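For reference, the chains in residue letters:
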Amino acid sequence: MFIDKQSPIPMYHQIMENLKKQIEDGTLAPDTLIPSEREYAERFGISRMTVRQALSNLVNEGYLYRQKGKGTFVSREKFEQPLQGLTSFTEDMRQRGLKASSELLDFNKIACPAHLFSSLQLADSDAVFELKRIRFANDEPMAIETSYIPEKFAGTLTKEHLTGSLYEYIENHTGLAIAHATQELEANVATKGEAHLLSITTGAPVLSITRTTYLQNDLPFEYVLSVYRGDRYKLIHTMER
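Calculation notes
- Residues numbered from 1 in each chain as written.
- Predicted model: local features only at pLDDT ≥ 70, side-chain atom pairs only at ≥ 80, totals over all residues.
- Heavy atoms only, no water.
- Buried < 20%, exposed > 50% of the residue type's maximum accessible area, 1.4 Å probe, protein only.
- Helix = DSSP H or I, 4+ residues; strand = E, 2+ residues; numbered from the N terminus.
- Arc of directions from axis to C-beta.
- 1 Å grid on protein atoms, 1.4 Å probe; cavity = no way out; pocket = protein on both sides within 12 Å on 5 of 7 lines; lining within 4 Å.
- Points joined across faces, edges and corners; volume = space filled by probe spheres on them.
- Nonpolar A, V, L, I, M, F, W, Y, C, P; charged D, E, K, R; others polar.
- Pairing = 2+ DSSP bridges.
- Axes fitted to C-alpha atoms, helices over the stretch in contact; angles between N-to-C directions.
- Parallel < 35°, antiparallel > 145°, perpendicular 65-115°, else oblique.
- Left-handed = near helix turned anticlockwise from the far one by under 90°.
- Contact = heavy atoms within 4.5 Å.

A. Layout of helix H2 (residues 37–44). Looking at H2, one finds that the buried residues are Glu37, Tyr40, Ala41 and Phe44. All buried residues of H2 fall inside an arc of 100° around its axis, so they share one side. Turned more than 90 degrees away from the buried face of H2, the exposed residues are Glu42 and Arg43. At the C-terminal side of H2, Gly45 shows a positive phi close to 65°.

Here you go:
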């Protein structure tokens, strides 16, 4: 890495561009521990504040991540998740050539929660299956999903069906056809519990996505809240004028 102190380009920006180049060309591999702020400052004869600004910007942009007490590391490449098209997590990972798997945390039949009456078009006398899963790609935790499925659409749903794609189960075992969905996205930070399940630090960025999925007759068959790792996902949306 070379820093030109005579250049009109700010030194923190030069550090950023140098590190970006090393990350993008593979010189710095994912999960590589980079030198500390003090080491960079001493190497180039610049202030630690300048180095801190550069590294903080790269953390915010997703090129680096920090682990408390360990240092700053190179991030892994993020999955690009298109916002067009309706696919399950399993189908999405399969398209990427990755092995999708799940760990089932909870599976219960309960009375529909009051806050879901409108979303699922149900009443308090209607039952839903509540299921919570950690979703993995090549054995790496990627997301936490909490889903609610009306009992009348669930067929013979069991724990064994939840190791794979819920959408494939619905379409292949119940004869129902999935048509479309609406979803909302929000940037959040990981709670202590979410961080533990996703192998990230408390307060790390996450993407919270709520989705209501509908059948071809426009009846909602699923409400799901997903929490995705912000260091592994970025969302892509194409807009036309």
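The rest of the description comes next.
B. Structural view of unusual backbone geometry. Although it is not a glycine, Asp31 sits at a positive phi angle of roughly 70°. Residue position: Asp31 is located in the loop between helix H1 (11–24) and H2.

C. Structural view of the layout of surface pockets. In this structure, the largest pocket occupies an estimated 620 Å³ of space. Lining the largest pocket are 28 residues, and of these Tyr65, Ile200, Ala204, Pro205 and Asp231 sit closest to its centre. Of all the secondary structure elements, the ones that give two or more residues to the lining of the largest pocket are helix H3 (48–60), strand S1 (64–67) and strand S8 (205–215). For the lining of the largest pocket, the leading source of residues is S1, giving 4 residues. Among the residues making up the lining of the largest pocket, the classes are represented as 10 nonpolar, 9 polar and 9 charged.

D. Quick look at the pairing of S8. Among the 11 residues of S8, 9 are classified as buried, and the element is accordingly described as predominantly covered. Pairing of strand S7 (residues 178–189) with S8 involves 11 bridges; the strand directions are antiparallel. Paired with Leu185 across the bridge in S8 is Ile209. Note that S8 and strand S9 (residues 220–229) share 9 bridges and pair antiparallel. Across the sheet, Leu207 pairs through a bridge with Tyr228, a residue of S9. Here S8 folds back onto S9 in antiparallel fashion, the turn holding 4 residues, of which Asp218 has a positive phi close to 70°.

E. Broad picture of the environment of Gly175. For Gly175, the position within the fold is in the loop between helix H7 (166–173) and S7. Its relative accessible area of 66% is what places Gly175 among the exposed residues. Each C-alpha atom, one on Gly175 and one on Gly155, is 9.5 Å from the other, the two residues being 20 residues apart in sequence.

F. View of the packing of H1 against H3. For the pair H1 and H3, interaxial distance at closest approach is 8 Å and the crossing angle is 45°. Between H1 and H3, the crossing angle belongs to the class labelled oblique. Viewed along their axes, H1 and H3 form a crossing whose handedness is right-handed. Seen from H1, the contacting residues are Met11, Tyr12, Ile15, Met16, Leu19 and Lys20; seen from H3, they are Thr50, Val51, Gln53, Ala54, Leu55, Asn57 and Leu58. Looking at the contact of H1 with H3 residue by residue, the classes come out as 9 nonpolar, 3 polar and 1 charged.

G. Structural view of the sheet that holds S8. Taken together, 6 strands build an open sheet; the order of strands is S4-S5-S6-S9-S8-S7 and the sheet is antiparallel. Since the sheet does not close on itself, it has two edges, and those belong to strand S4 (100–111) and S7, each with one partner. Across the sheet, the mean angle from the axis of one strand to that of its neighbour is 15°, orientation sign disregarded. Strands strand S5 (127–137), strand S6 (140–150), S7, S8 and S9 of the sheet are contacted by H7, whose axis makes an angle of about 160° with S9.

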